[in-house]
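# Structural description and commentary
What follows is each chain in one-letter form.
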Amino acid sequence: MPFRDIFGQEHAIDLLKQAVRRDRMPHAWLFTGKANIGKFKTAVALAQQLNCRECGEDACGECDFCLQIAEQNFLDFQVLIPDGKFIKIDQIRKSLNWLQLHPDQAKKRVMILDGAEHLGREAANAFLKTLEEPAPDTLLILIAESAQQLPETIVSRCQQIRFRPLSDKISERILRQTTELTSERIQLLNAFSMGSVNGKLAARLELMETVQQTAIGWLSTFSAATLEEMLRTCETWGKSKNEEWSLLLDFLETWFRDLTWLHHGLPEEKLINRTVNSGDSRISALKISAEHFNLQQIHEIFSRIAESRRAIELNANKSLAIESLCLHMYRKAA
Ligand SMILES: [Zn+2]
């Protein structure tokens, strides 16, 4: 996908084009910004631009090199993505050795590391060595959500570009082009993607709505029967292959964010849980819920949500993690 097909990242792409034009390509870029806003696509477009047979300001997207890069089937192009929580050190060493070799066909050998925040210490050290002594005609593109998650020694050796969240208009345009969702559903998806286009979420929209409706029930009816039902559901969701637990955590974050919003008396049209389909008003449920939690409790619950997410990433039992989070929520509700 050449630069011209990437929407909403004109600023980042301008910087890259300037670097190409002035022949000031660093050895390593660091692309940061939230997930699903076009960082990876831009990295691929840069690899294409640098190697395209047409040699224009943007890749042609059609020559054999452009196509092979798009299919990740080009001799001088590699993409590393963490396998599980961490990137395996052997894999990193192999890739970094590969990067040092002179390009086979390309003008520049390019390696993308998507998910650089998952580098373990040993892997980060291996990268650091490559960054300190880069081979000519090679380019490394690190992608991470935030530079703060990376060792300072790595960040300081890369040229950083911050990617901006997408505007609603842009993400709507992308969703219209890439999915067959109705306008109502696009709006719903936009409200919960917050400045990104989440293709995976688009496919899970129905499940997302079910999870959200169930959780809204819990958060607006506090009774012993609800508690029992909640714990049973958490157990099922934690075990399910559909990963409802992750939709639940995402949703709880938006819900408690909205409660903070209400407590501060901020405008209702900015509530995330307001933009749902016409037949489904969540405002009244939000207001009921707001009466049960004060700001300090909301703050505590926010930390608990983040803790649960981290614990699950580190392989904690998912059912137990969301059960204890929900129990904590219930206990806090006055
Ligand atoms: Zn081309």
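Report on the accompanying structure. This structure is a prediction, so every number in the text was calculated from the model and none was measured.

Membership of the largest hydrophobic core comes to 84 residues, with the highest contact counts inside it found for W29, I141 and F256. Sort the elements by how many residues they give to this core and helix α12 (residues 244–263) lands first, with ten residues. With residues up to four places along the chain from it excluded, the contact list for I141 reads W29, F31, A43, L46, V110, M111, I112 and L113.

Glancing now at the environment of G195. In this structure, G195 sits in the loop between α8 (183–193) and α9 (199–203). If sequence neighbours within four positions are ignored, G195 has contacts with K34, I37, P165 and L166.

Turning next to the sheet that holds strand β2 (residues 77–80). Here we have five strands laid out as an open sheet, ordered β2-β3-β4-β1-β5, and parallel in their pairing. A single partner strand is all that each edge strand has here, and the edge strands are β2 and β5 (159–162). Between one strand axis and the next, the sheet turns by 15° as a mean value, whatever way the strands run. Of the strand pairs in this sheet, β2 and strand β3 (residues 109–114) are connected by four bridges, and their pairing is parallel. Bridge pairing in β3 places L80 opposite L113. Contacts between helix α5 (residues 121–132) and the sheet are confined to β1 (28–32), β3 and β4 (138–144), with β4 contributing the most and set at about 140° to the helix.

This part covers the coordination of the zinc ion. Protein coordination at the zinc ion comes from C52 (SG), C60 (SG), C63 (SG) and C66 (SG), with a distance range of 2.3 Å. Metal-centred angles of 102 to 118° between the four donor atoms at the zinc ion mark the site as tetrahedral. In terms of primary sequence, the donors binding the zinc ion are separated according to C-x7-C-x2-C-x2-C. For the pair formed by C60 and C63, the shared burial category is buried.

Here the phi dihedral of D23 falls at roughly 55°; this positive angle occurs in a residue that is not glycine. You can see D23 is positioned in the loop between α1 (10–21) and β1. The class for D23 is exposed, based on a relative accessible area of 68%. The backbone of N315 sits at a positive phi, close to 80°, despite the residue not being glycine. Look at N315 and you get exposed, because its relative accessible area is 71%.

Here we take up the environment of T233. Topologically, T233 is positioned in helix α11 (residues 224–239). Between the alpha carbons of T233 and W245 there is a distance of 10.0 Å; along the sequence they are twelve residues apart. When near neighbours in sequence (up to four residues on either side) are disregarded, T233 contacts T214 and W218.

Turning our eyes to something else, we now look at empty space enclosed by the protein. Inspection of every chain in the model, using the stated rule, returns one cavity of 30 Å³ or more. When contributions to the lining of the largest cavity are tallied by element, the ones reaching two or more residues are α4 (89–100), α5 and β4. A per-element tally of the lining of the largest cavity places β4 first, with three residues. Its residues assigned to classes, the lining of the largest cavity comprises seven nonpolar, four polar and no charged.

Calculation criteria
Residues numbered from 1 in each chain as written. Predicted model: local features only at pLDDT ≥ 70, side-chain atom pairs only at ≥ 80, totals over all residues. Heavy atoms only, no water. Core = buried A, V, L, I, M, F, W, Y, C linked by side-chain atoms within 4.5 Å. Buried < 20%, exposed > 50% of the residue type's maximum accessible area, 1.4 Å probe, protein only. Helix = DSSP H or I, 4+ residues; strand = E, 2+ residues; numbered from the N terminus. Contact = heavy atoms within 4.5 Å. Pairing = 2+ DSSP bridges. Axes fitted to C-alpha atoms, helices over the stretch in contact; angles between N-to-C directions. Donors = N, O, S within 2.8 Å, 3.2 Å for Na, K, Ca; no water. Tetrahedral: all angles 85-135°; square planar, octahedral: opposite > 155°, others 65-115°. 1 Å grid on protein atoms, 1.4 Å probe; cavity = no way out; pocket = protein on both sides within 12 Å on 5 of 7 lines; lining within 4 Å. Points joined across faces, edges and corners; volume = space filled by probe spheres on them. Nonpolar A, V, L, I, M, F, W, Y, C, P; charged D, E, K, R; others polar.

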